[in-house]
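Summary of the model geometry
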Amino acid sequence: MGRKAEIARKTKETDIRVILDLDGTGKSSIDTGIGFLDHMLEGFARHGFFDLQVKAEGDLQVDGHHTAEDTGIVLGQAIREALGDKVGIRRYGSCILPMDDALSLCAVDLCGRPYFNYQGSYTAERIGGLDTELIREFFYAVSYTAGMNLHIKMLSGENNHHMAEAMFKSFAKALDEAAGKDPRITEVLSTKGSL
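This text gives an overview of the structure that appears in the document. (Residues numbered from 1 in each chain as written. Predicted model: local features only at pLDDT ≥ 70, side-chain atom pairs only at ≥ 80, totals over all residues. Heavy atoms only, no water.)

Judged by nonpolar contacts, the single largest core of 59 residues is most densely connected at Leu52, Ile135, Phe139, Met148 and Phe171. At 11 residues, helix H4 (residues 160-179) tops the list of elements feeding residues into this core. (Core = buried A, V, L, I, M, F, W, Y, C linked by side-chain atoms within 4.5 Å. Buried < 20%, exposed > 50% of the residue type's maximum accessible area, 1.4 Å probe, protein only. Helix = DSSP H or I, 4+ residues; strand = E, 2+ residues; numbered from the N terminus.)

Their axes nearest at 7 Å, the elements helix H2 (residues 65-83) and helix H3 (residues 133-146) cross at an angle of 30 degrees. Regarding the angle of H2 to H3, the classification is roughly parallel. Remark: the crossing between H2 and H3 carries right-handed chirality. Residue-level contacts link His65, Ala68, Glu69, Thr71, Gly72, Ile73, Leu75, Gly76, Gln77, Ile79 and Arg80 of H2 to Leu134, Glu137, Phe138, Ala141, Val142, Thr145 and Ala146 of H3. Residue classes in the contact of H2 with H3 are distributed as nine nonpolar, six polar and three charged. (Axes fitted to C-alpha atoms, helices over the stretch in contact; angles between N-to-C directions. Parallel < 35°, antiparallel > 145°, perpendicular 65-115°, else oblique. Left-handed = near helix turned anticlockwise from the far one by under 90°. Contact = heavy atoms within 4.5 Å. Nonpolar A, V, L, I, M, F, W, Y, C, P; charged D, E, K, R; others polar.)

When the terminal C-alpha atoms of H3 are compared, their 21 Å separation across 14 residues agrees well with the 20 Å that a helix rising 1.5 Å per residue should span. Restricting attention to buried positions, one finds in H3 the residues Leu134, Ile135, Phe138, Phe139, Ala141, Val142, Ser143 and Ala146. Trailing H3 by a residue or two, glycine 147 shows a phi angle of about 70 degrees, which is positive. (Expected span 1.5 Å × (residues − 1).)

The structure is reproduced here in structure tokens:
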């Protein structure tokens, strides 16, 4: 049985459904109503080899904040559920990923304890239909609902699109590594006996 999860969350501001398969092939069907966020999540799925479906309806007439943040919340919940008891996973993953002028570092610990460190700034207020300040909010939401340590640092970059894309792809690669199985790990990778 694969490591899959289906999570739905409905509030007065958003209605979101995410289906995630950690052991997929990178197929995705994404519709958040924010084109650039769709593009980032498609890249996340493809480069992490996750099968991902996202359908989000939000109060975009207000702005994209609730949709971006709540999509992160639901994706984080799906990651946590799909990981299950975490027996056999590597737990840690990291990636330094280049995308033309941009260079992003991402490190993940699937320890069950949320912690988020983000170092990056953009020169544009928006990329397509996404406010650049919402990129941080999205990753924060994923980190806290998944119960992961997540560190993302933009090491260099000039083009805002490239910088954002490098962040999402480095996160995908780091998460894929951390969630991956290692035959040498027969329990959970912790001296505590649980994660």
